[in-house]
Amino acid sequence: LERCGIDPKLLSTVLESVVTRDQMTVTWDDVTGLEDAKQALFEAVILPLQRPDLFTGLRAPTRGILLFGPPGTGKTFLAKACACTGGAT
């Protein structure tokens, strides 16, 4: 980060003030319905994080998932649940 001109202390301060771990408490159970989307996200994001040894070579995880739909259908909520479960925040 220092080679890019970013001060690590400043970056950590900004990140801690924007999103803290105790604010991210969304779980899969909080998302009602959308079972197919939850299953796809779990298989594409959470399982490779939990068991990276299984997802190598031809079984490499997908590179991304496109969440699409009209406003209010739960896309952001799904992403929050995925991030909280995977410990990405």
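Structure shown above.
An account of the accompanying structure is given in this report. Please read these numbers as outputs of a predicted model, since none were measured by experiment.

Considerations on helix H2 (residues 35-50)
Then comes step 1: Along its length, H2 shows its largest kink, about 40°, at Phe-42.
Then comes step 2: The complete set of buried residues in H2 reads Lys-38, Leu-41, Ala-44, Ile-46 and Pro-48.
Then comes step 3: On its buried face, H2 is in contact with helix H3 (75-86).

Some details on the nonpolar core
Then comes step 1: Val-26, Trp-28, Val-31, Leu-41, Ile-46, Leu-78, Ala-81, Cys-82 and Cys-84 form the largest nonpolar core, which has 9 residues in total.
Then comes step 2: Looking at this core, the elements with two or more residues in it are H2 and H3.
Then comes step 3: Looking at this core element by element, the count peaks at 4 residues for H3.
Then comes step 4: With sequence-adjacent residues up to four places away left out, Cys-82 is seen in contact with Trp-28, Leu-41, Val-45 and Ile-46.

Details of the pattern of salt bridges
Then comes step 1: All chains considered together, the criterion is met by 2 salt bridges.
Then comes step 2: For Arg-51, the salt bridge goes to Asp-53, with nearest N and O atoms at 2.9 Å.

A short note on the side chain of Lys-38
Then comes step 1: Considering the arrangement of structural elements, one finds Lys-38 in helix H2.
Then comes step 2: Among residues more than four places away in sequence, those in contact with Lys-38 are Trp-28, Val-31, Gly-33 and Leu-78.

Structural notes on H3
Then comes step 1: The end-to-end C-alpha separation of H3 is 17 Å, in line with the 16 Å expected for 12 residues at 1.5 Å each.
Then comes step 2: Looking at H3, one finds that the buried residues are Leu-78, Ala-81, Cys-82, Ala-83 and Cys-84.
Then comes step 3: Those residues of H3 that are buried are in contact with H2.
Then comes step 4: The positive-phi residue at the C-terminal boundary of H3 is Gly-87, with phi of around 70°.

Rules used in this analysis
- Residues numbered from 1 in each chain as written.
- Predicted model: local features only at pLDDT ≥ 70, side-chain atom pairs only at ≥ 80, totals over all residues.
- Heavy atoms only, no water.
- Bend = angle between axes of the 7 residues up to and from the residue.
- Helix = DSSP H or I, 4+ residues; strand = E, 2+ residues; numbered from the N terminus.
- Buried < 20%, exposed > 50% of the residue type's maximum accessible area, 1.4 Å probe, protein only.
- Contact = heavy atoms within 4.5 Å.
- Core = buried A, V, L, I, M, F, W, Y, C linked by side-chain atoms within 4.5 Å.
- Salt bridge = Lys/Arg side-chain N within 4 Å of Asp/Glu carboxyl O.
- Expected span 1.5 Å × (residues − 1).

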